[in-house]
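# Working through the structure, step by step
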Amino acid sequence: MSFTLKDLEGKDIGRGIGYKFREFEKIEEGQTLMIGGKEIEIMGVISSDDFNSGRCFQLGRGSPATPSFSQAARKCFSKPFKSVCKLNSKENRQNDFQSCKPRHDPYTPNSLVMPRPDKNHQWMFNKNCFSLVDVVIDPHLVHHLRPHQKEGIIFLYECVMGMRLREYCLLNSQSYCLSLSSVGIAVISHRMNGRYGAILADEMGLGKTLQCISLIWTLQCQGPYGGKPVIKKTLIVTPGSLVNNWRKEFKKWLGNERIKIFTVDQDHKVEEFIKSTFYPVLIISYEMFLRSLDQIKNIKFDLLICDEGHRLKNSTIKTTTALISLSCEKRVILTGTPIQNDLQEFFALIDFVNPGILGSLSSYRKIYEEPIIMSREPSSSEEEKKLGERRAAELTCLTGLFILRRTQEVINKYLPPKIETVVFCRPGALQIELYQKLLNSQAVRFCLQGLLENSAHLLCIGALKKLCNHPCLLFSSVKDKECSSTGDENGERNLYQGLLNVFPADYNPLLFTENESGKLQVLSKLLAVIHELRPTEKVVLVSNYTQTLNILQEVCQRHGYAYVRLDGQTPISQRQHIVDGFNSKYSSDFVFLLSSKAGGIGLNLIGGSHLILYDIDWNPATDIQAMSRVWRDGQKYPVHIYRLLTTGTIEEKIYQRQISKQGLSGTVVDLTKASEHIQFSVEELKNLFTFHESSHCVTHDLLDCECTGEIDHADDSLEKSAISRHCQLGPHHQKSDSLKPLSMSQLKQWKHFSGDNLNLTDPFLKRIRDNVSFFFQNITNPSTA
Ligand SMILES: Nc1ncnc2c1ncn2[C@@H]1O[C@H](COP(=O)(O)OP(=O)(O)OP(=O)(O)O)[C@@H](O)[C@H]1O
Ligand SMILES: [Mg+2]
């Protein structure tokens, strides 16, 4: 028989072999034995469930309990409620709650009352025995709140009040009572006490801002003990482009009079906030926060909210360390991006909101990360699989107490239908010729033989993507290279060689034509038909490249469409103004040109009801995030989303990668992973660098669907349910997480048809069909039409 001795951080600290089974048959408390040269005293027996879940290690996490704390905690458990205001009988409780009046009536119908603190909470936090008062959300807000938002507010309230983790601790302490001394129990409660953090990870557009505003406004004016406000000052840190959005949301939900908020910008510095006693809320961008850290450090904030907080997943970056250095304990991260994909980043976010709750990074690795990763290896044993699953379940259970994520489905019923169409555009003649030339270049051939250095394939991919957007973009790169005499540029020379000859001799990229690019032709027709048939509706046009946006802008100019533009260069101070202008029903803007990566995160562009994704990103999250800008609360019209892809080219491959298993490994995706980090095998590169000139749609070819795309459609009007598909080969419609990337099998259930389909009735698709080889279409929420 053998033994492994582990410390409370999960590390192996000794091994012993050759023991006799009967020596351990009756192991009991107080017994001593030697393992790995260490004398061990048995303090208690841990159940296999507690070991497998990893819960037994939670005892040892964090800093050791200080003597004074242990005493306090022991006292807490031995004489729990002695100093608590008398709350034993029901009447007393009622009376106590009534002796100090709540700010709003908790007994009116539809009132939203926060959970009352239990006796332990009172013992810890109501030392002065103030009377207990119901905390009631302002009816002015409740009136607007969706059901999921009400739940979200209660969740946030419980977290920042330190109620949720205490409950967990108390529940679990019961089982530990059997095996551990009271000091042990004190340690757990110590670890769970003093944690006031939360992560609100609702999908995009679910109104995380309103939930936080409700929380702030409530804690600012109320509290359960004597009605004393729980917080005085709140700090909201957010990406620059959203600072003014926060201000607007405060105004939208609370008006100008209830609460004064201070937003930091060029003209309003942190000093002003410090000098004034007027403002309980400070809103600042991450960049400005870093710059003003010295001043901000001196302010005592009681609540910290980090919007789009997935950026804090790296605990070594400056912003994270600076935020950690603030003494504020009540910390809330808001993020619409899934966060569980990378266990280390997950740790960083958890450790930010509830420092130490998972112990040190090294113990976290031992207890959770290693077993979980190990269990996912194909070669893992049954036992390893089981242990990994149990540890993962326990991690989810513990962190689930302070992470809340709801999916888009909870607000679907308030939203209009969404008609999403993937449009496979035939490339133009010049594009085809250039595409083949690029694939035959020395650079691509070297890449496929693995002969070029690491990043050479990125250059080739970049050139192909540019070409798909418009040949003039490639022309400009080739020309630029020709003019610059410097550099290694070997790769580039090998790639661009002979390309100029393919362009007409007098080619001028500034005078580009639309029919040189399949996608641009489709775009131009699409804009025209929307303008004609839906003159009051507007379009959000998205690209990830500034140069491409320049072309799209030029198209707007040529056709006389009024447009606005927001990209990485747009000064932060102007961004909200541009967004408001576009969303206003009085604006005459027809197109919103958006660089999604550079400035789109978190924006509300509900003024637009058509969204066209002109190019595709490796990371599905980037595209999903862009598509979520228009289909959100407040949208009045049915939403049309068009994704343009060039048939047979690398764009299709990227799309396939987005929806294939490979792209989905780990099931969640991360907005910040750039394509530079994607590794390709030679096999994959071969696939990427193949041009399927004669295919109508390579993606459809891959689905093993037997239809030719030309089947007679009985009816493909928008009202028709998404379930009525024409090549229904896959499993029946699956209920899906609407913001997760599609899988191949889900795509198969989308309605699909070729551009030659004779029964095409959709007026928008009809107009572009000549340039389109294939369509995939899906309608979400058809019933609300
Ligand atoms: N209860 C509600 N009734 C009407 N509109 C609402 C409600 N809640 C939120 N909204 C509106 O919905 C839009 C989206 O809200 P918000 O910007 O807070 O989303 P989010 O969850 O932060 O999304 P993202 O992750 O994209 O930032 C806003 O225009 C907001 O005013
Ligand atoms: Mg937001």
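Residues numbered from 1 in each chain as written. Chains lettered and ligands numbered in written order. Predicted model: local features only at pLDDT ≥ 70, side-chain atom pairs only at ≥ 80, totals over all residues. Heavy atoms only, no water.

The name given to the chain in an unreviewed UniProt entry is DNA repair and recombination protein RAD54B isoform X3, with the source organism recorded as Castor canadensis.

## Describing the overall build of the chain
Here is the rule: Think of it this way: any DSSP run of H or I at least four residues long counts as a helix, any run of E at least two long counts as a strand, and we number them from the N terminus. Exposure classes here rest on a 1.4 Å probe applied to the protein chains alone. A residue is buried below 20% of its type maximum, exposed above 50%, and partly exposed in between. We call two residues in contact when some of their heavy atoms are within 4.5 Å. Each accessible area value is a Shrake-Rupley result obtained with a 1.4 Å probe; residue values ignore everything except the protein chains displayed when judging cover.
Counting secondary structure elements, the chain contains 34 helices and 19 strands. Within the chain, the fraction of its 785 residues that count as buried is 55%. Expressed as a percentage of contacts within the chain between residues at least 6 apart in sequence, the contacts between residues at least 24 apart total 75%. Roughly 34900 Å² of accessible area belongs to the chain as shown, and the carbon and sulfur atoms make up 52% of that amount.

## Considerations on the site of ligand 1
Cut-off, in case you're wondering: Near residues are defined by distance, with any heavy atom within 4 Å of the molecule or strand qualifying the residue. Two N or O atoms count as a polar contact when they lie within 3.5 Å, although within protein this holds only if one can serve as hydrogen donor and the other as acceptor, and sequence-adjacent residues are included solely when both atoms are side-chain atoms.
Near ligand 1 there are 20 residues, and of these Gly205, Thr209, Glu249, Lys252 and Arg632 occur at the shortest range. In this structure, a nitrogen atom belonging to ligand 1 sits 2.8 Å away from a main-chain N or O atom of histidine 144. Take lysine 252: an N or O atom from its side chain is 2.7 Å from an oxygen atom of ligand 1. Coverage of ligand 1 by the protein amounts to 94% of the 640 Å² it exposes when considered alone.

## Structural notes on the environment of glutamine 266
Assignment of secondary structure puts glutamine 266 in the loop between β7 (261-263) and α11 (270-275). Overall, glutamine 266 belongs to the exposed group, its relative accessible area being 57%.

## A look at the sheet that holds strand β10 (residues 330-334)
Applied cut-off: Two strands form a pair only when DSSP identifies at least two bridges running between them. Angles shown run from 0 to 180 degrees and are taken between the N-to-C directions of axes, each axis being a line fitted to C-alpha atoms and, for helices, limited to the stretch in contact.
Sheet architecture is open: 7 strands sit in the order β7-β8-β6-β9-β10-β5-β11, paired in parallel fashion. Across the chains shown, the open sheet's two edge strands, defined by having one partner strand only, are β7 and β11 (403-404). Lying on the sheet, helix α9 (residues 208-221) is in contact with β5 (198-200), β6 (234-238), β8 (281-285), β9 (303-306) and β10; it crosses β9 at an angle near 175°. Packed on one face of the sheet, helix α10 (residues 243-254) meets β6, β7, β8, β9 and β10 and runs near 150° to β8.

## Quick word on helix α24 (residues 518-533)
Basically, it comes down to this: Expected span of a helix, by definition, is 1.5 Å for each gap between consecutive residues, and there is one gap fewer than residues.
For α24, built from 16 residues, the straight-helix expectation of 22 Å at 1.5 Å per residue is met to within 8% by its first-to-last C-alpha distance of 23 Å. Residues of α24 that are buried include every one of Gly518, Lys519, Leu520, Val522, Leu523, Ser524, Leu526, Leu527, Val529 and Ile530, and no others.

## Observations concerning the side chain of histidine 752
Locating histidine 752 in the fold gives a position in strand β18 (residues 751-754). Within the structure, histidine 752 has its side chain in polar contact with the side chain of histidine 700 (distance 3.5 Å).

## Quick word on unusual backbone geometry
The phi dihedral of cysteine 129 falls on the positive side, at around 55°, and the residue is not glycine. Mapped onto the elements of the fold, cysteine 129 is located in the loop between α4 (119-125) and α5 (139-142). At glutamate 308, a residue that is not glycine, the phi angle is positive and equals roughly 45°. The topology assignment puts glutamate 308 in the loop between β9 and α14 (318-324).

## Remarks on the environment of glycine 602
Along the chain, glycine 602 turns up in the loop between α27 (596-600) and β16 (610-613). A relative accessible area of 14% means that glycine 602 is categorised as buried. In this structure the C-alpha to C-alpha distance between glycine 602 and arginine 629, which are 27 residues apart in sequence, comes to 7.5 Å. Residue contacts for glycine 602: discarding those within four places in its chain leaves Leu242, Glu308, Gln625, Arg629 and Arg632.

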